[in-house]
Amino acid sequence: MEGLRLVKRSTALGVVLLAVIILLFIGRLVGFPVAIIIVSGRSMEPTLRVGDIVVGVKEPFKVGDIVIWCAGPTYCVVHRVVELRDSIVVTKGDNNPAPDPPVPESLVKYRVIAVVRSYEWLPAVLIVLGLYAYLKRDYFRRRKVVPGDVASLILVSFIVFNAAVALLAPAYYSMEAGSLAVPRVTLRHATLSGDGSVVITLNVYNTRLVNVTQCHVSIYGSSKRYECEARVTRHSSIVVSGVPRTLLEHMIEEGVGPLVISVKATILFGKLVGTYYVYPPWRRPTVSVLRNGTVVIANPNPAPLKINVTTYVSNKPGLANVAFEERVLAPHGVLKLDLSKYRYAYVRVEYVFQGKRVVEQLKVRG
Amino acid sequence: MPTKEQVKALLLSAATYGVVVNTALLFALLAPMYVLRGPISGFVSVVTYNIVAFGRRYISPALDMASFLSLIVITASTLNVVSGLAVTYTTLRRGKVGLVVAETLMASSLTLLISLGTLSGIRRIVSFELAHLTRNYSYVASAGRVVIYSVHAYPTPASLIFKGLTYAAVTIPYVILATVAYVMLLRVRSERGAELSK
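Residues numbered from 1 in each chain as written. Chains lettered and ligands numbered in written order. Predicted model: local features only at pLDDT ≥ 70, side-chain atom pairs only at ≥ 80, totals over all residues.

(A) View of the overall build of chain A. Within chain A, the secondary structure is distributed over five helices and 22 strands. With 366 residues in all, chain A has 24% of them scored as buried. In chain A, 56% of the contacts between residues at least 6 apart in sequence involve partners at least 24 apart. (Helix = DSSP H or I, 4+ residues; strand = E, 2+ residues; numbered from the N terminus. Buried ≥ 20, exposed ≤ 12 C-beta atoms within 10 Å, placed from the backbone. Contact = placed C-beta atoms within 7 Å.)

(B) Inspection of the overall build of chain B at higher detail. On a plain count of helices and strands, chain B comes out with four helices and seven strands. Order of helices (α) and strands (β) in chain B, N terminus to C terminus: α-β-β-β-β-α-α-β-β-β-α. Burial status across chain B gives 41% buried among its 198 residues. Once local pairs closer than 6 in sequence are excluded, the contacts in chain B between residues at least 24 apart make up 70%.

(C) The arrangement of unusual backbone geometry in detail. All names here are of chain A. Of note, the bond from Glu45 into Pro46 is cis; its omega dihedral lies within 30 degrees of zero at 5 degrees. Structurally, Pro46 can be placed in the loop between β1 (34-38) and β2 (53-57). Its identity is not glycine, yet Asp86 carries a phi of approximately 45 degrees, on the positive side. In this structure, Asp86 sits in the loop between β4 (76-85) and β5 (88-92).

(D) Representation of the pairing of β5(A). Residue and element names in this part refer to chain A. The alternating pattern of β5 places Val89 and Thr91 on a buried face and Ile88, Val90 and Lys92 on a face that is not buried. Relative to β5, β4 runs antiparallel, the two sharing five bridges. Bridging from a neighbouring strand, Glu83 pairs with Val90 of β5. Here β4 folds back onto β5, and the loop between the two strands holds two residues, one of which, Asp86, carries a positive phi near 45 degrees. Two strands pair when backbone bridges link them, and β5 and strand β6 (residues 103-104) are joined in this way by two bridges, in the antiparallel orientation. The partner of Ile88 across the bridge, within β6, is Pro104. (Pairing = 2+ DSSP bridges.)

(E) Spotlight on the interface of chain A and chain B. The partner chain B presents 42 residues to the 36 residues of chain A that form the contact. Going through the elements one at a time, α4 (149-172), β8 (184-192) and β15 (270-278) of chain A are the ones with two or more residues in the side of chain A that touches chain B. Top element by residues in the side of chain A that touches chain B is α4(A). It accounts for eleven residues. Its residues placed into classes, the side of chain A that touches chain B shows 25 nonpolar, nine polar and two charged. For β15(A) and strand β6 (residues 144-148) of chain B, the ladder comprises four bridges, and the chain directions are antiparallel. Following the sheet pairing, A:Leu272 is matched in β6(B) by B:Val146. (Nonpolar A, V, L, I, M, F, W, Y, C, P; charged D, E, K, R; others polar.)

(F) Highlighting helix α1 (residues 4-30) of chain B. Compared with an ideal rise of 1.5 Å per residue, which puts 27 residues at 39 Å, α1(B) spans 38 Å between its outermost C-alpha atoms and is within 8% of the ideal. Of all the residues in α1(B), the buried ones are B:Val7, B:Leu10, B:Leu11, B:Ala14, B:Ala15, B:Gly18, B:Val21, B:Asn22, B:Leu25, B:Ala28 and B:Leu29. (Expected span 1.5 Å × (residues − 1).)

(G) Highlighting the confidence of the model for chain B. Across chain B, pLDDT averages 88, with 96% of residues at or above 70. This prediction of the complex comes with two scores: 0.68 for pTM and 0.88 for ipTM. (pLDDT = per-residue confidence, 0-100.)

(H) Structural detail: the sheet that holds β6(A). Spatial strand order, β1-β2-β7-β3-β4-β5-β6 (chain A): seven strands in an open sheet with antiparallel pairing. One side of each edge strand has no neighbouring strand; the edge strands of this open sheet are β1 and β6 of chain A.

(I) Broad picture of the environment of A:Lys58. Residues and elements named next belong to chain A. Mapped onto the elements, Lys58 comes out in the loop between β2 and β3 (66-70). When the C-alpha atoms of Lys58 and Ile68 are compared, they prove to be 9.8 Å apart, with ten residues separating the residues in sequence. Once residues within four sequence positions are removed from consideration, Lys58 is found in contact with Pro33 and Tyr110.

(J) The arrangement of the sheet that holds strand β1 (residues 34-37) of chain B in detail. Pairing within the open sheet is antiparallel, and its five strands lie in the order β4-β3-β2-β1-β7 (chain B). Edge positions in the open sheet fall to β4 (56-57) and β7 (152-155) of chain B, since each of these has one partner strand only.

(K) Quick peek at the packing of helix α2 (residues 61-92) of chain B against helix α3 (residues 99-133) of chain B. All names here are of chain B. At their nearest, the axes of α2 and α3 sit 8 Å apart, and the two run at 160 degrees to each other. The angle between the axes of α2 and α3 places the two elements in the roughly antiparallel class. By crossing handedness, the relation of α2 to α3 is classed as left-handed. For the contact of α2 with α3, the per-class residue count stands at 20 nonpolar, twelve polar and one charged. (Axes fitted to C-alpha atoms, helices over the stretch in contact; angles between N-to-C directions. Parallel < 35°, antiparallel > 145°, perpendicular 65-115°, else oblique. Left-handed = near helix turned anticlockwise from the far one by under 90°.)

(L) Focus on the nonpolar core. In this structure, A:Val198, A:Val240, A:Ile261, B:Leu11, B:Ala14, B:Ala102 and B:Ala181 are the most contacted members of the largest nonpolar core, which totals 106 residues. Here the element with the most residues in this core is α3(B); it accounts for twelve residues. Lining this core are residues from two domains, each supplying at least three of them: domain 2 (184-278) and domain 3 (286-365) of chain A. Sequence-distant contacts of B:Ala181, defined by excluding residues within four places in its chain, comprise B:Val7, B:Leu10, B:Leu11, B:Ala14 and B:Ala102. Counting 18 residues, the second-largest nonpolar core is a separate cluster that includes A:Ile36, A:Val39, A:Met44 and A:Val81. (Core = buried A, V, L, I, M, F, W, Y, C linked by C-beta atoms within 7 Å. Domains from an automatic or database assignment.)

(M) Looking closely at the pairing of strand β18 (residues 305-314) of chain A. All names here are of chain A. Across the two faces of β18 the burial differs, with Leu305, Ile307, Val309, Thr311 and Val313 buried and Lys306, Asn308, Thr310, Tyr312 and Ser314 not buried at all. One ladder, built from nine bridges, connects β18 with strand β19 (residues 321-329); its direction is antiparallel. Directly across from Thr310, in β19, lies its bridge partner Phe324. With antiparallel pairing between neighbouring strands as the criterion, β18 and β19 make up a hairpin whose turn holds six residues, including Gly318 at a positive phi of roughly 100 degrees. Two strands pair when backbone bridges link them, and β18 and strand β21 (residues 344-353) are joined in this way by eight bridges, in the antiparallel orientation. Considered in β21, the bridge of Ser314 is made with Tyr344.

See below:
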């Protein structure tokens, strides 16, 4: 008799306790002064962990407090207040690298005043349930299935399963999107090579150059554009050939530039539209005299160069034969003048380099 | 006062409707919901996903979470298919209108309403992920303007379960039907009990 009374009393107590807990859980939906929420994310670690229960009360809060703000009936956030001004609240998860977007103060429903750890309440609930089942063991043994039993069992089991899955999900998975290996293309360098072609070398990540669909070359500041040919190499480079010689000649003589290469290329997963500025390292031609009386004029540039060569030769002092010659030095070309058969020989080399007239006069023999 | 035959017919209708709807729902959960085309290709279903992004297999913690959460919806639908089949079997083969199976059907139908919230959560996760995947990847770098082809997400008929109130519109009549059948069966039973006691 005494045992039955104990069971009845504990059942009544259990029902009341359950009703209070349910009321507190749904309290935030109807704006109760006190509400409880189960933490379901890792953003507040280590302060709050998944499965912890937080108790919130409707009361003023300040910076540093943990608050519960809700953007909808099912979407609530338990984060710490980091900024508070003009009815705007900025919160941040202790474990988050950045704060949340600002929210109006009216969305903040509760200030967290207590935390019940999952390792505190879960064993307690299990013990209470076990104790209840133990005390009611005779009742369960004798009880016949009545309407409502099956439905209750199914619904309660499903709700528990639902809660367990919802609670476990954030513990194992995050809400982050996956990382994507977005193709990257950056310029390493664009240079004018010895044969007059332009080599554009690129740093390529998770893609590759497929082909070049369009290529234009011009001099910076000039509206005249020339078509060029371009091909892709295996080493992520674009080799632009067919740069008009006249263009380079103009650049070396007038000192204009840089060379502008506009390219449209197809890459794996997309296309590349690039404009590259090439600053050729123009160098002055060298004029030198060998011991045997040969004059060597060398053009170190990948562009042709016009030169005027005047020679003064004679085998007797006073009288000289003068010869004037207009020549075009090929790219990387060398002009050799053999003046060894004369006793007296002078040479005068004239050319225009980078907008300046250069004259070099050398005594070869005599 | 409904007759036993009327209740039987109502219960069978509810069970059949439940089996059909939930089987379709299970297929919809497994079938691709969105098909991705472009440099990112593949499919996303509620239960799983297979995406290749820029030539590499894409792993998404958010979609993994959605897959895990889909356990709730799958369990609810499976429960309904099983209880619907149980009702059909006991009613047609054994000729009985069992109270326990009718109650199971009614309770199972209610689990669909509970899983409605989960489905809404999954929808939010999938939308977030799709927005992330279909964004514009083009940028300007030292090499010039790198135009990455757009990624398109095409919804399939399976995505209808996420559209508006489709899920609710399909499940709510079923819940009503199953509940009404159960309540009527209870009434028939209680009337018969009263008659017998007289």
